[in-house]
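# A structural walkthrough
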Amino acid sequence: SMKDIKLIIFDLDGTLVDAYLAIIKSFNYAMQKMGYPKQAALAIRRAVGWGDENLLRPFVRKADLKSALKIYRQHHKTSLVKYSCLFPRVKKVLIYLKNKGYKLAVASNRPTESSWILIRHLGLRKYFDYVLCADKLRHIKPHPEILNKIMKKLSLKPYQTIYVGDMVIDAQAGRRDGIKTIIVPTGSSTKSEIKKQKPYRIIRGITDLLKLL
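Cut-offs and rules
- Residues numbered from 1 in each chain as written.
- Predicted model: local features only at pLDDT ≥ 70, side-chain atom pairs only at ≥ 80, totals over all residues.
- Heavy atoms only, no water.
- Buried < 20%, exposed > 50% of the residue type's maximum accessible area, 1.4 Å probe, protein only.
- Helix = DSSP H or I, 4+ residues; strand = E, 2+ residues; numbered from the N terminus.
- Contact = heavy atoms within 4.5 Å.
- Salt bridge = Lys/Arg side-chain N within 4 Å of Asp/Glu carboxyl O.
- Pairing = 2+ DSSP bridges.
- Right-handed = clockwise from strand over helix to strand, strands pointing away.

Another point: helix 8 (residues 168-176). The periodicity of an α-helix, 3.6 residues per turn, causes residues three or four positions apart to be oriented the same way. Burial within helix 8 is extensive, with seven of its nine residues counted as buried. Those residues of helix 8 that sit buried are Val-168, Ile-169, Asp-170, Ala-171, Gln-172, Ala-173 and Gly-174. Each element contacted by the buried residues of helix 8 is listed here: helix 7 (145-153), strand 6 (161-165), strand 7 (180-183) and helix 9 (191-196). In the segment just after helix 8, Gly-178 is the residue with positive phi, at about 70°.

All right, on to the pattern of salt bridges then. Taken as a whole, this structure holds eleven salt bridges when the rule is applied. Where Lys-98 meets Asp-129, a salt bridge forms, and the shortest distance between an N and an O atom there is 3.5 Å. Of this pair, Lys-98 sits in helix 5 (residues 90-99) while Asp-129 sits in the loop between helix 6 (112-121) and strand 5 (130-133), placing them 31 residues apart in sequence. Among the ionic pairs, Lys-141 bridges to Asp-170, the shortest N-O distance being 3.2 Å. Placement of Lys-141 in the loop between strand 5 and helix 7 and of Asp-170 in helix 8 is noted, with a sequence separation of 29 residues between them. Each member of the pair, Lys-141 together with Asp-170, is buried. When salt bridges with common partners are traced through the structure, they connect Asp-11, Lys-141 and Asp-170 into a single cluster.

Alignment of strand 6 against strand 7, held across four bridges, turns out to be parallel. Residue pairing in the sheet places Val-164 in a bridge with Ile-182 of strand 7. In terms of handedness, the path from strand 6 via helix 8 over to strand 7 forms a crossover that is right-handed. With helix 9 bridging strand 7 and the parallel strand 8 (residues 201-202), this β-α-β connection has right-handed handedness.

This is how it looks when you write it as structure tokens:
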């Protein structure tokens, strides 16, 4: 039951943080520099969530991926600071949960370096007990490895944990681990895609999480 919950794990992009504009700017900058056409914002947005290498891979030749990624990452360090923001009332939610004594963690397919740029820039550092990103793992979400490692690190079990994300892959990762997964449709997956996954709950915005607890 919800009374057992001690740990809340959050995805970052599309869940707590709106970095879509920063991603789109860096993506199209890299495309232009590499002599590829720019892509529409929606096409880029829909490709977000699988890490930056997978974001670029469908749009460039194999031989160009390494160079494109380097340009993207370099640009992204500044574009993240310029163009990313928290979704409304995220800080309020985190403060409330922290004060209630929940352990809070981040599980992101975004690389560690850029995750920390975001977390520091948006003033989130003090809320999280642990941050884990895909580049420190063998498998990215939807594989549940990232969730397992966080629970292990904080010595908690699936029945004591909630995972909050925005994508189909978040719902899948949580289900594979037997964790109650709550999805907000503020990211890269559509509501109908999310519904098909039958997560524990779909909430309209992050503040609705407090009603569930």
